[in-house]
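# Coordinate inspection notes
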Amino acid sequence: MPPFPSSPQVAVSVLRNVRPWGTDPVDLHVADGHITRVTPHSPAEAAPSGSVPAPGEVDGRGLLALPGFVNAHAHVDKSWWGKPWVSYGGEATTQGRIAHEREHRDELGIPGVDVTVAVLREFLRHGTTAIRTHVDVDLGLGLRGIDVVRESLFVLGGAVDAEIVAFPQDGVLRRPGVLELLDAAATAGAEHIGGLDPASIDRDPVTQLDGLFEIAERRGVGVDVHLHDGGELGAFQIELMIERTIRAGLQGKVNVAHGFAVGQLPPTRMADLVEAMGDAGISMTTVAPIGATPLPLDLLRAHGVRVGLGTDGIRDLWAPYGTGDLLALTTRLSQLARFRHDEDIVRAARLATSDAAHFVGRPVHDLVEGARADVVLVDAENTMDAVVRAPGRALVVAGGQVVARDGEVLV
Ligand SMILES: [Zn+2]
């Protein structure tokens with residue numbers, strides 16, 4: 001198939017002849033960055049061959065169309081993407097990685113607009129158009145990382161739509177002043193405040209979570225806590241979060257990131273905990289880690305616990321891995337979950353796209369009227385084929401603009 005004709009960034013008025021989720025071909029009509037109508041594709045309406053199509057008319061050539069990918073757990077401020085290789089020199093523990101990052105981030109210009117833009121462009125290249133990103137907030141940086149991320153998003157003209165989690169990577173209680181920084185971040189527009197292993201990092205889960213939930217309730221923001229602690233220690237902290245979510249009326253605004261503990265509990269204990277999470281409207285995000293016990297996706301779905309998929313940091317001072325390709329990560333999630341049936345494989349793709357609307361504050365994120373026009377075209381027979389092969393992204397449209405084409409980022 002010949003490449004799409006090269007041209008600068010195009011504002012799309014109609015994306016013709018695409019197959020949403022593998023259905024029959026349709027035309028997606030776009031105005032003000034949103035899908036306004038979806039109509040059956042009629043070849044007669046397209047420009048006759050040889051003629052020049054109207055500006056804004058893009059021929060989708062019958063390719064499979066998916067909504068833009070949603071990276072529900074990113075760290076776009078942390079990467080050294082685009083810089084010469086950085087060998088990892090820290091210890092393997094969480095504390096060792098924190099210390100290594102703090103020792104070397106300044107010399108790499110982290111956080112910096114150039115590296116953050118480089119990461120966001122990788123996301124766009126792979127069809128990710130919306131993210132929830134944790135941004136380090138600590139006594140050394142203050143809120144500078146959030147300013148860097150906002151500036152980087154602005155540089156890309158809003159192609160990537162983002163929600164920000166003010167993230168206390170170096171702990172909360174053990175660093176007096178961090179709670180005040182989280183409060184300041186929430187006041188300054190961060191959509192969520194984060195936490196980190198309240199038991200093993202701060203060694204006082206009740207007080208850390210009380211502090212976070214008090215700010216969230218007062219400022220009307222969400223809570224998104226990194227929880228690596230496993231087994232009963234992790235489960236206990238999730239119970240503390242459930243209690244505080246209900247008490248503060250924060251149902252639908254609290255997320256457990258990683259939450260390895262959930263997959264590690266005995267069946268009855270697991271079922272009770274997941275049911276309580278569902279009742280409290282608590283969601284989870286996973287990075288589909290290799291080697292960890294997978295989350296019980298069927299059980300979580302049965303109890304209405306939303307699950308989002310994210311890359312975590314890519315190529316950062318924690319680990320060199322990650323490319324920002326959420327479709328490839330969807331392949332991994334589907335494999336780790338041992339999905340074989342078509343409906344399960346499609347569910348994996350939904351989890352990374354339409355079903356992740358919640359994680360980026362959208363009422364709807366799909367190839368339907370009213371949604372932001374975030375569309376990814378891939379040369380695949382159907383959604384299952386796309387998940388299993390993760391082919392290159394032929395065209396990426398974000399907010400109604402063509403932002404990437406055949407692997408070339410245009411913004
Ligand atoms: Zn993370």
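Structure's up top.
Now for a description of the structure that goes with this document. (Residues numbered from 1 in each chain as written. Predicted model: local features only at pLDDT ≥ 70, side-chain atom pairs only at ≥ 80, totals over all residues. Heavy atoms only, no water.)

Here the focus is the sheet that holds strand 10 (residues 254-258). Overall, parallel pairing links the 8 strands, which are arranged 5-6-7-8-9-10-11-12 in an open sheet. Across the chains shown, the open sheet's two edge strands, defined by having one partner strand only, are strand 5 (69-74) and strand 12 (307-309). Here the average twist between neighbouring strands, direction ignored, is 25°. In this sheet, strand 12 lies alongside strand 11 (residues 282-286) in parallel orientation, the contact comprising 3 bridges. Its bridge partner being in strand 12, Thr-285 is matched across the sheet by Gly-308. Of the strands in this sheet, strand 8 (192-196), strand 9 (222-227) and strand 10 are in contact with helix 5 (residues 205-219), which crosses strand 8 at around 175°. (Pairing = 2+ DSSP bridges. Helix = DSSP H or I, 4+ residues; strand = E, 2+ residues; numbered from the N terminus. Axes fitted to C-alpha atoms, helices over the stretch in contact; angles between N-to-C directions. Contact = heavy atoms within 4.5 Å.)

Another point: the pairing of strand 10. Along strand 10, 5 of the 5 residues are buried, which leaves the element largely enclosed by surrounding structure. As judged from the 5 bridges shared by strand 9 and strand 10, these two strands associate in the parallel manner. From the neighbouring strand, Val-223 faces strand 10, where its bridge partner is Val-254. Once the chain exits strand 9 it traverses helix 6 (residues 231-248) before rejoining the sheet at strand 10, and the crossover so formed is right-handed. Sheet topology places strand 10 next to strand 11; 4 bridges connect them, and they run parallel. Among the inter-strand pairings, Val-254 is bridged to a residue of strand 11, identified as Ile-282. (Buried < 20%, exposed > 50% of the residue type's maximum accessible area, 1.4 Å probe, protein only. Right-handed = clockwise from strand over helix to strand, strands pointing away.)

So, about helix 11 (residues 342-351). Each full turn of the α-helix corresponds to 3.6 residues, which orients residues three or four apart in the same direction. Residues Asp-344, Ile-345, Arg-347, Ala-348, Ala-349 and Leu-351 constitute the buried set of helix 11. For helix 11, the elements touching its buried residues are helix 9 (297-302), strand 12, helix 10 (326-336) and helix 12 (383-389).

This part is about the coordination of the zinc ion. Ideal values for angles at a metal depend on the geometry: 109.5 degrees with four tetrahedral donors, 90 or 180 degrees with six octahedral donors. Of the protein atoms, only His-73 (NE2), His-75 (NE2), His-226 (NE2) and Asp-312 (OD) coordinate the zinc ion, at distances of 2.1 to 2.3 Å. Around the zinc ion sit 4 donor atoms; with metal-centred angles ranging over 89 to 169°, the donor geometry is irregular. Sequence spacing among the residues donating to the zinc ion works out to H-x1-H-x150-H-x85-D. For His-75, a relative accessible area of 5% corresponds to the buried category. (Donors = N, O, S within 2.8 Å, 3.2 Å for Na, K, Ca; no water. Tetrahedral: all angles 85-135°; square planar, octahedral: opposite > 155°, others 65-115°.)

As a further point, take the packing of aromatic side chains. In this structure the tally under the stated criterion is 1 aromatic pair. Plain terms: the ring middles of Trp-80 and Trp-85 are 5.1 Å apart, the flat faces sit at 90° to each other, and that makes the pair edge-to-face. With a relative accessible area of 0%, Trp-80 lands in the buried category. Positioned over the ring face of Trp-81 is Arg-315, at 4.9 Å from the centre of the ring. Its guanidinium or amino end placed over the ring of Trp-21, Arg-350 lies 3.8 Å from that ring's centre, counting from NZ or CZ. (Phe/Tyr/Trp six-rings, centres within 6.5 Å; stacked < 30°, edge-to-face > 60°. Lys NZ or Arg CZ within 6 Å of the ring centre and 35° of its normal.)

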